[in-house]
Amino acid sequence: MVINTKNKLIFWVFLIFITLVILFPIYWIFITSLKTPIEAVNPVPTLFPHSPTLQNYVGVYESGFFKNMFNSIFVAVASTLLSIALAFPASYALVRFNFPLKFKNVFLIWILVVKILPPVVLAIPIYEMFTNMGLVNNLWGLYSCISGLHNSILHLDAFRIS
Amino acid sequence: MNIVIFPMMLSTMVVCAVWRILYHYDIGLLNYLTTTAGFAPLGWLINKNMAMFSIILVDIWQWTPFAFIIMNAAMGSIPSEIFEAAQIDGAGSFMTAFKITLPILSSQIFLVMMLRTIDTFKLFGKVIALTGGGPGNSTETVSTYIYREGFSYFNMGNATAASLIVLLVIASFSVVYIRKIFQED
């Protein structure tokens, strides 16, 4: 492709336009977090707040946000560790052990189906099982439910074959 | 390129929160832009024909960097001798793009299409967060139907029947997907 000034100009205009479109909502979050509540709902949105304020950050801290975030991180780490601990022996067995071939294919197809499925389809039977097991309001239910198990098995499987 | 990846890294709920503010009919930024440009304000999330389009727009905004990364990696792996040969043969830039780059990238394009189609089966979070089912019933998907029947109305019979139908559809879809992938090897 010929690189002359006309092509370069078109390239840069296009690039700047796409960067603006992609980054604009993120800039908007940041700006709105610095606005007072009255100015945030102004019908004429402003690009830069008239009087920046940090009151919103104080409100976030006071409403117990960091405890929730710590919970989220804890759940993510715990469920990741659980799923890796379960997926590692599973993928090892899948690669090394000579299952009758039909079973191996059916198992892999089943894992793929679970990956494609909308999570709500799985959530209904899990909810019923967990109410019978008493795990509904419990953190342990959350750990065992949010599973990257399917992803872990597929990735570890590909890795082990190579 | 690191800037372009950023929308993909945000969590879905954050993206929904921002776009819900931007889509608001009275105080949203998009309607402000359309009114200063001279058009009438559009009902982004409250017009029943436009609500689905708005949700799709948010999804495109969030996941285009994913397709971009895959395409970038694929295009970087094309050796440059092909382009030099095309330039020597006298092809213009458009013809080069359509007749040379696209067939080479067609397997990657197919891969991205399959992955995005799989992701759109799980479009549940954005629908609930942006419109909660849409004005009336217009943005209701299978996932929101199952969620409402199962967890709000506790109509477990309807919910599990719909779940089974979804499962059969996705099982047949994934058999097709696996056949395509194993035929390419």
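Residues numbered from 1 in each chain as written. Chains lettered and ligands numbered in written order. Predicted model: local features only at pLDDT ≥ 70, side-chain atom pairs only at ≥ 80, totals over all residues. Heavy atoms only, no water.

Engineer: Residues and numbers for the pattern of salt bridges, please.
Structural biologist: Two side chains bearing opposite charge may form a pair once their charged atoms approach each other closely. Residue and element names in this part refer to chain B. Here the structure, examined in full by the defined rule, presents three salt bridges over all chains. A salt bridge links Arg116 to Asp59; the shortest N-O distance between them is 2.8 Å. Of this pair, Arg116 sits in helix H6 (residues 93-121) while Asp59 sits in helix H4 (residues 51-76), and the two are 57 residues apart along the sequence. You'll find Arg116 and Asp59 in the same group, each marked buried. Put simply, Arg148 and Glu140 hold a salt bridge, and the shortest N to O gap is 3.2 Å. Overall, the relative accessible area of 25% leaves Glu140 in the partly exposed class. One salt-bridge network, in which partners are shared between bridges, spans Asp59, Arg116 and Lys126. (Salt bridge = Lys/Arg side-chain N within 4 Å of Asp/Glu carboxyl O. Helix = DSSP H or I, 4+ residues; strand = E, 2+ residues; numbered from the N terminus. Buried < 20%, exposed > 50% of the residue type's maximum accessible area, 1.4 Å probe, protein only.)

Engineer: Talk me through the nonpolar core; I want residue IDs and the actual numbers.
Structural biologist: Val15(B), Trp19(B), Leu22(B), Tyr23(B), Val58(B), Trp61(B) and Leu130(B) are the most contacted members of the largest nonpolar core, which totals 21 residues. Elements with a minimum of two residues in this core: helix H1 (5-33) of chain A together with helix H2 (12-22), helix H3 (29-36), H4 and helix H7 (124-130) of chain B. A per-element tally of this core places H2(B) first, with five residues. Of all hydrophobic cores here, the second largest spans 18 residues; its members include Met114(B), Ile146(B), Ala159(B) and Tyr177(B). (Core = buried A, V, L, I, M, F, W, Y, C linked by side-chain atoms within 4.5 Å.)

Engineer: Quick rundown of H4(B)? Include the residues and the values.
Structural biologist: All names here are of chain B. When the terminal C-alpha atoms of H4 are compared, their 38 Å separation across 26 residues agrees well with the 38 Å that a helix rising 1.5 Å per residue should span. Within H4, the axis deviates most sharply at Trp63, by approximately 40°, and proline Pro65 lies no more than four positions further along. Those residues of H4 not exposed but buried are Ala51, Ser54, Ile55, Val58, Asp59, Trp61, Gln62, Pro65, Ile70 and Ala74. (Expected span 1.5 Å × (residues − 1). Bend = angle between axes of the 7 residues up to and from the residue.)

Engineer: Explain the side chain of Gln62(B) to me, and be specific about the residues and the numbers.
Structural biologist: Residues and elements named next belong to chain B. Looking at the secondary structure, you find Gln62 in helix H4. Within the local environment of Gln62, its side chain forms a polar contact with the backbone oxygen of Leu10, the two atoms lying 3.3 Å apart. The residues contacting Gln62, other than those within four sequence positions of it, are Pro7, Met8, Leu10, Ser11, Thr12, Val15 and Lys126. (Polar contact = N/O pair within 3.5 Å; in protein donor to acceptor, adjacent residues only side chain to side chain. Contact = heavy atoms within 4.5 Å.)

Engineer: Account for the interface of chain A and chain B, naming residues and giving values.
Structural biologist: Facing the 31 residues of chain A at the interface are 39 residues of chain B. A per-residue breakdown of the area chain A buries against chain B is headed by Ile22(A), Ile116(A) and Ile124(A), which together make up 20% of the total. At the boundary of chain A with chain B, the tally comes to zero salt bridges. Our enumeration of links across chain A and chain B arrives at two residue pairs in polar contact (both at pLDDT 80 or more). At the level of elements, H1, helix H5 (101-116) and helix H6 (119-133) of chain A are the ones that each hand at least two residues to the side of chain A that touches chain B. Of the residues that constitute the side of chain A that touches chain B, the class distribution is 27 nonpolar, two polar and two charged. (Buried area = accessible area lost by both parts, 1.4 Å probe. Nonpolar A, V, L, I, M, F, W, Y, C, P; charged D, E, K, R; others polar.)

Engineer: Explain H1(A) residue by residue, including any values.
Structural biologist: At 3.6 residues per turn, the α-helix brings residues three or four places apart onto the same side. Over its 29 residues, H1(A) extends 41 Å from the first C-alpha to the last, a length consistent with the 42 Å expected when each residue adds 1.5 Å. At Leu23(A), H1(A) shows its maximal kink, close to 40°; a proline, Pro25(A), follows between one and four residues later. Those residues of H1(A) not exposed but buried are Ile22(A), Pro25(A), Ile26(A), Trp28(A), Ile31(A), Thr32(A) and Ser33(A). Considering only its buried residues, H1(A) is in contact with helix H2 (37-40) and helix H3 (55-62) of chain A together with helix H1 (6-9), H2, H3 and H4 of chain B.

Engineer: How would you sum up the packing of H6(A) against helix H8 (residues 142-152) of chain B? Please name residues and give values.
Structural biologist: With their axes 9 Å apart at the nearest point, H6(A) and H8(B) run at an angle of 15° to one another. Considering the angle they form, H6(A) stands roughly parallel to H8(B). In this structure, H6(A) meets H8(B) at a crossing whose hand is left-handed. On H8(B), the residues that touch Val120(A), Val121(A), Ala123(A), Ile124(A) and Tyr127(A) of H6(A) are Ser143(B), Ile146(B), Tyr147(B), Gly150(B) and Phe151(B). Of the residues in the contact of H6(A) with H8(B), the class split is eight nonpolar, two polar and no charged. (Axes fitted to C-alpha atoms, helices over the stretch in contact; angles between N-to-C directions. Parallel < 35°, antiparallel > 145°, perpendicular 65-115°, else oblique. Left-handed = near helix turned anticlockwise from the far one by under 90°.)

Engineer: Provide a residue-level description of a nonpolar patch on the surface, including the pertinent values.
Structural biologist: Residue and element names in this part refer to chain A. On the surface, Val60, Tyr61, Phe65, Phe66, Met69, Ile73, Val77 and Leu81 cluster together to form a nonpolar patch covering roughly 790 Å² of accessible area. Within the residue set of the nonpolar patch, elements represented by two or more residues are H3 and helix H4 (65-96). For the nonpolar patch, the element with the most residues is H4, which contributes six residues. Counting through the fold element by element, Ile73 comes out in helix H4. (Patch = residues over 30% accessible without salt bridge, like charges linked within 9 Å, V, L, I, M, F, W, Y side chains within 5 Å. Areas by Shrake-Rupley, 256 points an atom, 1.4 Å probe, with all protein chains shown as cover.)

Engineer: Before we move on, can you summarise the confidence of the model for chain A with the specific residues and values?
Structural biologist: Across chain A, pLDDT averages 76, with 83% of residues at or above 70. Per-residue pLDDT, averaged within each element of chain A, yields its smallest value for helix H8 (residues 149-161) of chain A (62) and its largest for H1(A) (83). (pLDDT = per-residue confidence, 0-100.)

Engineer: So what's going on with the side chain of Lys35(A)? Which residues, and what values?
Structural biologist: Assignment of secondary structure puts Lys35(A) in the loop between H1 and H2. For Lys35(A), a relative accessible area of 2% translates into the label buried.

Engineer: Please give an account of the packing of aromatic side chains that cites residues and values.
Structural biologist: In this description, an aromatic ring pair is defined by two values, namely the gap between the centres and the angle between the planes. Enumeration over the complete set of coordinates arrives at 13 aromatic pairs over all chains. Seen from their ring centres, Phe11(A) and Trp12(A) are 5.9 Å apart, and the 70° between their planes marks the pair as edge-to-face. With a centroid separation of 6.3 Å and 90° between ring planes, the pair formed by Trp63(B) and Phe66(B) is classed as edge-to-face. Taken together, the residues span about one helical turn, with Trp63(B) and Phe66(B) both in helix H4 at a distance of three residues. Here Trp63(B) falls in the partly exposed class, since its relative accessible area comes to 23%. (Phe/Tyr/Trp six-rings, centres within 6.5 Å; stacked < 30°, edge-to-face > 60°.)

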